[in-house]
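Chain by chain, the residues run as shown.
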Amino acid sequence: AAALGLHVFGTRTGAGDLVSTTVVYYLSTIFTAVYLAAGLVFAYLPWTKIVFPLIVELVITLAYILAAMYFLRGVEYIRAEETLTREKVMYIRFLKADVDDCIAKANSAELKEKLAKFADDVRFSDPMSHPSLSGIEAEISATVATIAQKIGGDEEEEALALLEKAQKSLESRNNRCLMLK
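Residues numbered from 1 in each chain as written. Predicted model: local features only at pLDDT ≥ 70, side-chain atom pairs only at ≥ 80, totals over all residues. Heavy atoms only, no water.

### Some words on a nonpolar patch on the surface
Where nonpolar side chains cluster on the molecular surface, the patch consists of Leu58, Leu62, Ile65, Leu66 and Met69 and spans about 490 Å² of accessible area. Along the polypeptide, Ile65 turns up in helix H3 (residues 51–88). Using a relative accessible area of 39% as the deciding quantity, one classes Ile65 as partly exposed. (Patch = residues over 30% accessible without salt bridge, like charges linked within 9 Å, V, L, I, M, F, W, Y side chains within 5 Å. Areas by Shrake-Rupley, 256 points an atom, 1.4 Å probe, with all protein chains shown as cover. Salt bridge = Lys/Arg side-chain N within 4 Å of Asp/Glu carboxyl O. Helix = DSSP H or I, 4+ residues; strand = E, 2+ residues; numbered from the N terminus. Buried < 20%, exposed > 50% of the residue type's maximum accessible area, 1.4 Å probe, protein only.)

Written out as structure tokens, the structure reads:
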């Protein structure tokens, strides 16, 4: 009953994919087996010594409740870490998309080649961001946005110069990421 309650609680709170039916089945099977084994052992004790079996059964039940609570805390921790990680890697994903848009807009082969190299550098950059990197990341994003404007305005020479600046800023960001680890 407790395992089923755990499953229903997990489903209602949105943690249904982490509290699966298989886990509930195994938890309830283990609990039932231990509970029945303890019950069978204590069934042959005289009625005058009923306090000890009740204490053991209570301990088993409390251990199961503590395990279920620990499991629910684990679910909450995993969800929080997934959300935090998803937020931290969004910068590189967006930057990669912006650079890919620039590649699609570019007319000259030289600019496309350098943008493709920059896109690979972005792709293989450390995906995790940090609050202390927000300044340089904003600078890189602004430079890439300016590059997109220059490409659209047929000012590819200026776009190449800005691309070099963005490349150096990305290298600086990656070096700072290494220092933060």
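### Brief notes about helix H6 (residues 134–152)
For H6, spanning 19 residues, the distance from its first C-alpha to its last is 27 Å, which sits close to the expected 27 Å at 1.5 Å a residue. Every buried residue belonging to H6 is among Ile136, Glu137, Ile140, Thr143, Val144, Ile147, Ala148 and Ile151, and all of these are buried. Projection of H6 onto a plane perpendicular to its axis shows the buried side chains occupying an angular sector of 145 degrees, all on one side. Exposed and oriented more than 90 degrees from the buried face of H6 are Gln149 and Gly152. (Expected span 1.5 Å × (residues − 1). Arc of directions from axis to C-beta.)

### Thoughts on H3
Compared with the 56 Å implied by 1.5 Å per residue over 38 residues, the 55 Å span of H3 between its first and last C-alpha is a close match. Three or more residues of H3 are buried, namely Pro53, Glu57, Ile60, Tyr64, Ala68 and Val75.

### A look at the packing of helix H5 (residues 109–123) against H6
Remark: H5 packs on H6, axes separated minimally by 14 Å, with the N-to-C direction vectors making an angle of 160 degrees. The angle between the axes of H5 and H6 places the two elements in the roughly antiparallel class. Handedness of the H5/H6 crossing: left-handed. Packed against H5, whose contacting residues are Leu111, Leu115 and Phe118, the element H6 presents Ile140, Val144, Ile147 and Ile151 at the interface. Looking at side-chain class alone, the contact of H5 with H6 contains seven nonpolar, no polar and no charged residues. (Axes fitted to C-alpha atoms, helices over the stretch in contact; angles between N-to-C directions. Parallel < 35°, antiparallel > 145°, perpendicular 65-115°, else oblique. Left-handed = near helix turned anticlockwise from the far one by under 90°. Contact = heavy atoms within 4.5 Å. Nonpolar A, V, L, I, M, F, W, Y, C, P; charged D, E, K, R; others polar.)

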